[in-house]
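# Structural description and commentary
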Amino acid sequence: MKGVAYGVSQDLLISDLSHENPSIFEGAYRLYQTEQFWPQGTVFVAVVDPGVGTERLSVVLKTRTGRFFVGPNNGLLSLVAERDGIEGLRQIDERVNRRPGSDDSHTFHGRDVFGYTGARLAAGVITFEQVGPALPTQSLIALVYRKPRRENSKVSGIIPVLDVQYGNVWTNIPKSLFDELHIALGTALHVRIYHEDRLVDETLAPYQRTFGEVPPGKPLVYINSLLNLAVALNQQSYAGLHKIASGPEWSIEISKD
């Protein structure tokens, strides 16, 4: 993919975000997690594409924040679109925006379609309008997942991804929603984790600012780098010890009682 991109222009700056996204949802969340830190005009090429070669559309999304996302229309781009808004959505015209000589290749659109089109767009060879025909914004496939919510003294949401290097359990519950509970630092919180609505883990953990405010091996609830609630063990893996995974089928509740 990089070779194809540099074949379009050797002046491109190419960076890797992640190569460890086993599902469409996790790939969508990693885009959601990282894209906001990149400058306007950045072109993201995203490929988690189990439907490659089928009738699913190849698209380029332009958000209202001025960034471009090239990939399959299978939900991978929907979390970014949900947060940033859609300025435009276009189907890739593969008659002109496809690597020359790749017409008989049907299982590597990352190289032949997405990487090639993304490079042409980033290098200014084509404009957004030259990607292909415009699509109605509602045609962007959206992922179905449980939105965060507050109910009395409890907040709930899902575990979209893990902070895998350390085993911290991240949630999609924003600090702004949690703040509505008016929880003081040091307050013990009741954490319940469910897999497909079956309770698999339950613990008490204090709300703290950072890991070192509890003894090694002890749990805490904290605000992570995305300003969402998270659960961790100081210097150990909460996910590993408690056998927690991630995805829309994993949900979490945190309460004062």
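Residues numbered from 1 in each chain as written. Predicted model: local features only at pLDDT ≥ 70, side-chain atom pairs only at ≥ 80, totals over all residues. Heavy atoms only, no water.

Helix and strand counts for the protein stand at six helices and 13 strands. If you line up the protein on its principal axes, its C-alpha atoms span 60 × 35 × 30 Å. Put simply, the protein has 257 residues, and 51% of those count as buried. In the protein, the proportion of contacts linking residues at least 24 apart, taken out of those at least 6 apart, comes to 63%. Computing the positive centroid from 25 side-chain charges and the negative centroid from 28, the protein places the two 3 Å apart. (Helix = DSSP H or I, 4+ residues; strand = E, 2+ residues; numbered from the N terminus. Buried < 20%, exposed > 50% of the residue type's maximum accessible area, 1.4 Å probe, protein only. Contact = heavy atoms within 4.5 Å. Lys, Arg positive; Asp, Glu negative; His and termini not counted. Charge placed at Lys NZ, Arg CZ, Asp CG, Glu CD.)

Bringing the environment of Val 113 into the picture now. Along the chain, Val 113 falls in helix α4 (residues 109-122). Beyond its immediate sequence surroundings of up to four residues, Val 113 is in contact with Ser 58, Ile 92, Glu 94, Asn 97 and Arg 98.

Time to look at the packing of aromatic side chains. Taken as a whole and assessed by the stated rule, the structure comprises seven aromatic pairs. On the numbers, 5.0 Å between centres and 65° between planes, the contact of Phe 211 with Tyr 222 is edge-to-face. Here Phe 211 is found in the loop between β10 (198-206) and β11 (219-223), whereas its partner Tyr 222 is found in strand β11, with 11 residues between them in sequence. Owing to a relative accessible area of 30%, Phe 211 belongs among the partly exposed residues under this scheme. The exposure class of Tyr 222 is buried, given its relative accessible area of 5%. Each residue in the set Trp 38, Phe 44 and Phe 69 is aromatic and connected to the rest through ring pairs, giving one cluster. Over the aromatic face of Tyr 32 sits the side chain of Arg 83, whose NZ or CZ is 4.0 Å from the ring centroid. We note Lys 147 situated over the ring of Tyr 145; from NZ or CZ to the ring centre the distance is 4.1 Å. (Phe/Tyr/Trp six-rings, centres within 6.5 Å; stacked < 30°, edge-to-face > 60°. Lys NZ or Arg CZ within 6 Å of the ring centre and 35° of its normal.)

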